[in-house]
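Here is what each chain is made of, one letter per residue.
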Amino acid sequence: MNNTNFVSESELSRQRDMALTLAKEIVPRKLTFFVETFGCQMNVRDSETIKGWLSLIGYTQCESKEHADFVLFNTCCVREHAEKRLMGNIGALKELKDANPGLIIAICGCMMQQEGMAKKLLKRFPHVSLIFGTNALHRFPEMLNAVLNGERIAMTDRAGDAIAEGLPKLRDNQRSAFVNIMYGCDNYCSYCIVPYVRGHERSRMPEDIRSEIVSLVETGITEITLLGQNVNSYGNDGSTGMRFAELLRYVSDVPGLKRIRFMSSHPKDLNEDVMQAIATLPNVCHHVHLPVQSGNSEILRRMNRKYTREHYLSIIENLRKLVPDIEFTTDIIVGFPGETEEAFRDTLSLVEEVGFAAAFTFAYSPRQGTVAARMEDQIPEPVKKQRLQALNELQARKTVENNEKYIGHVGEVLVEGYDERGEETLLYGKYQNFKMVYFPGCRELLNRYVTVKVTKSSKNSLLGEMIDA
Ligand code: SF4
């Protein structure tokens, strides 16, 4: 069954034509834009599309909102406190608008798809002209046109959750790129708001994904990260004729593509076929970000995660047998409603047992509209704080242990950046299994692959020396 809608080619060309018409007006005015992105990689990728539209329309990117003619916040709604922060950020833009009445202030992202949010913001902030949700990106020229004609626009309906292909993009990164393979989520973890705002799961067609990767590689990109809320369920509805493991095989032979990463994985869908693909395809990286959330099966049941502690540990064990140098990173929530001391100790013991390379840890905070927010046995804040601290201390020790095993390790690193400290330039980049290493070198090596030997490990990082450029 194919339950995916696609935006029609005629609608896309109508939007492109409108962008080119607007460009005739905007280019001579030499206008600039500034985009600030909050939240996950999906938002980073969406911002690239918005920047792509703005560039096509004739705006150029600038470094600060103080100098921009178009300012956009791309928001995230995963955490409750993000809303308060956003309100402060938008309020602060009023001064800029007073100084430059032509300034267009826009807000987009998944927070805008929360019920009533767009209306509330338009009412509270008269200096905001444009609000849109994650499913309206393809209509950006039309929305901007209306704003330039003096309207205030809020476009947050889900428009059938349709996928739009071939939108323009502006990427700041010259070596790595994010490629969406699917949108939305059907999992309804009981603490999470994403399925309510990003809609049901829809997968892109494999040919569209592959041709995007081919064009990225043609521009010099050698590392891609396949993105989705749950990449392992790619094509599960049968709409693409391929599941995730097959997709990995299908894109892995793109000439010149050196590294394929993917995120995020959901343990319930990480099957034997995906494990084999990771083990056998030469350019699929040996790193899996596998959110566990809790080490206690009863809490996992209450979280609606659909796997047990034992199942999670069996994935780790099986993958380690197949791919000995694989590294795992994870997300963990402490203080979920009903989490007893004993249940929390299960999380600690799982972290001890797995030895994650890194863990993103959070104290549970209720998200309005989710099932967990209505659960009765909420955990007091001081207890959550204490547990988070204990978990972080444990993970810090495990990170040190993990780093120590790399001393003497030799491997290829993709140079991502540099720090200049006095006379010395310190480059940094990752091995294919996501471990970051710092080493002396020259900045001309940025975006290149070099061979680095680890000579020292510290609390949070690895230090090394380049043995081949
Ligand atoms: S898998 Fe769960 S945590 Fe991840 S986006 Fe979907 S509902 Fe949220």
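Computed from a prediction, not measured in an experiment: that's the story for all the values here.

Caption draft 1: Main features of the overall build of the protein. Along the protein, the regular secondary structure elements total 13 helices and 19 strands. Here the C-alpha radius of gyration of the protein, 23 Å, is about what a compact globule of 469 residues would show, namely 23 Å. When the 469 residues of the protein are sorted by exposure, 41% land in the buried category. Here the contacts in the protein between residues at least 6 apart in sequence split such that 73% fall between residues at least 24 apart.

Caption draft 2: Representation of the domain arrangement of the protein within the structure. For the protein, the assigned domains read domain 1 (9-161), domain 2 (176-403) and domain 3 (410-468). Between the C-alpha centres of domain 1 and domain 2 the distance comes to 30 Å. Taken together, the 14 residues of domain 1 in the interface contact 16 residues of domain 2. The class makeup of the residues in the side of domain 1 that touches domain 2 is five nonpolar, four polar and five charged.

Caption draft 3: Local environment of the sheet that holds strand 2 (residues 60-61). Spatially, the six strands line up as an open sheet ordered 2-1-3-4-5-6, and their pairing is parallel. Two strands in the sheet have a free side with no partner beyond their single neighbour: strand 2 and strand 6 (153-155). Where strand 4 (residues 104-109) lies against strand 5 (residues 130-132), three bridges are found, and the strand directions are parallel. When the bridges of strand 5 are listed, Ala106 appears paired with Leu130. Across the sheet, helix 2 (residues 41-57) touches strand 1 (32-37), strand 2, strand 3 (70-75) and strand 4, and the angle it forms with strand 1 is around 170°.

Caption draft 4: The arrangement of the sheet that holds strand 10 (residues 223-227) in detail. Read across the open sheet, the three strands follow the order 7-10-11; overall the sheet is parallel. Two strands close off the open sheet at either side, each with one partner strand: strand 7 (176-180) and strand 11 (259-263). Adjacent strand axes in the sheet meet at a mean angle of 25°, parallel and antiparallel pairs treated alike. Of the strand pairs in this sheet, strand 7 and strand 10 are connected by five bridges, and their pairing is parallel. Bridge pairing links Asn180 to Leu227 in strand 10. Contacting strand 7 and strand 10, helix 7 (residues 206-218) runs over the sheet at an angle of about 165° to strand 7.

Caption draft 5: Representation of the packing of helix 8 (residues 244-252) against helix 9 (residues 272-280) in the model. At a minimum axis distance of 8 Å, the contact between helix 8 and helix 9 shows a crossing angle of 25°. When the axes of helix 8 and helix 9 are compared, the pair comes out roughly parallel. Residues Phe244, Ala245, Leu248 and Arg249 of helix 8 form the contact with helix 9, whose own contacting residues are Asp273, Val274, Gln276 and Ala277. Its residues assigned to classes, the contact of helix 8 with helix 9 comprises five nonpolar, one polar and two charged.

Caption draft 6: Looking closely at unusual backbone geometry. Of note, the amide linkage connecting Met263 to Ser264 takes the cis form, showing an omega dihedral of -5°. As for its position among the elements, Ser264 is in the loop between strand 11 and helix 9. For Gln293, which is not glycine, the phi dihedral falls at a positive 70°. Given 24 C-beta atoms within a 10 Å radius, Gln293 is considered buried. The residue Asn447 is not glycine, and still its phi comes out positive at about 75°.

Caption draft 7: How the structure looks around the nonpolar core. In terms of nonpolar packing, the biggest core is built from 105 residues, with Ile57, Phe70, Val179 and Ile181 touching the most fellow members. In terms of residue count, helix 2 provides more of this core than any other element does, six residues in total. Counting contributing residues, this core receives three or more from each of domain 1 (9-161) and domain 2 (176-403). Not counting residues within four places of it along the chain, the set of residues in contact with Val179 comprises Ile209, Glu212, Ile213, Ile224, Leu226 and Leu227.

Caption draft 8: Looking closely at the packing of helix 1 (residues 9-26) against helix 5 (residues 140-148). Relative to each other, helix 1 and helix 5 sit at 40°, their axes nearing to 8 Å. Between helix 1 and helix 5, the angle falls in the class oblique. The way helix 1 lies across helix 5 gives a crossing that is left-handed. Judged by residue contacts, Gln15, Met18, Ala19 and Leu22 of helix 1 engage Pro141, Glu142, Leu144 and Asn145 from helix 5. Split by residue class, the contact of helix 1 with helix 5 holds five nonpolar, two polar and one charged.

Caption draft 9: Summary view of helix 7. With 13 residues, helix 7 should cover 18 Å at 1.5 Å per step; its first-to-last C-alpha distance of 18 Å lies within 8% of that length. Turning to helix 7, its buried residues are Ile209, Glu212, Ile213 and Leu216. Buried residues in helix 7, looked at end-on, bunch into an arc of 100°, giving them a common side. Away from its buried face, by an angle of more than 90 degrees, helix 7 presents the exposed residues Glu207, Ser215 and Glu218.

Caption draft 10: Structural view of the environment of Ile209. Looking at the element boundaries, Ile209 is found in helix 7. The exposure class assigned to Ile209 is buried, which follows from the 24 C-beta atoms found within 10 Å. C-alpha separation for the pair Ile209 and Val251, spaced 42 residues apart in sequence, amounts to 8.1 Å. Leave out the neighbours within four places in its chain, and Ile209 touches Val179, Ile181, Arg204, Leu247 and Val251.

Caption draft 11: Quick peek at the pairing of strand 16 (residues 424-430). Relative to strand 16, strand 15 (residues 410-421) runs antiparallel, the two being bridged by seven bridges. Each residue of the ladder has a partner; that of Gly417, found in strand 16, is Tyr428. Counting the residues that bridge the hairpin from strand 15 to strand 16 gives two residues, and of these Gly422 lies at a positive phi of roughly 60°. Pairing of strand 16 with strand 17 (residues 436-440) involves five bridges; the strand directions are antiparallel. If you follow Gly429 over to strand 17, its bridge partner there is Val437. The hairpin turn running from strand 16 into strand 17, its antiparallel successor, is five residues long, and Phe434 in that turn takes a positive phi close to 85°.

Cut-offs used in this document
- Counting from 1, residues in each chain are numbered in the order their sequence is written.
- Selection of residues for local features in this predicted model requires a pLDDT of at least 70, selection of side-chain atom pairs for listing and counting requires 80 or more, and totals for whole chains, interfaces and linings are taken over all residues.
- Numbering of helices and strands runs from the N terminus, with a helix taken as a DSSP run of H or I at least four residues long and a strand as a DSSP run of E at least two residues long.
- Only the C-alpha atoms count toward the radius of gyration. The rule for a globule is 2.2 Å times the residue count to the power 0.38.
- Field definition: a residue is buried when 20 or more other C-beta atoms are found within 10 Å of its C-beta, exposed when 12 or fewer are, and partly exposed for counts in between, with C-beta atoms placed from the backbone.
- Our contact criterion uses C-beta atoms placed from the backbone: two residues qualify when those atoms are within 7 Å.
- What counts as a domain boundary in this text is fixed by an automatic or database domain assignment.
- Lys, Arg, Asp and Glu make up the charged group, whereas Ala, Val, Leu, Ile, Met, Phe, Trp, Tyr, Cys and Pro make up the nonpolar group; the residues left over, Gly among them, are polar.
- Strands were regarded as paired on the criterion that DSSP finds at least two bridges between them.
- Axis geometry follows a simple rule: fit a line to the C-alpha atoms, using only the stretch in contact for helices, then measure angles between N-to-C directions, giving values from 0 to 180 degrees.
- Here roughly perpendicular refers to angles of 65 to 115 degrees, roughly parallel to angles under 35, roughly antiparallel to angles over 145, and oblique to all remaining angles.
- Residues of type Ala, Val, Leu, Ile, Met, Phe, Trp, Tyr and Cys that are buried and joined through C-beta atoms within 7 Å form what is called a nonpolar core.
- Handedness of a crossing follows from how the near helix is turned relative to the far one, being left-handed for an anticlockwise turn of less than a right angle and right-handed for a clockwise one.
- Multiply 1.5 Å by the residue count of a helix minus one, and that product is the helix's expected span.
- To obtain the arc, one takes the directions from the helix axis to the C-beta atoms.

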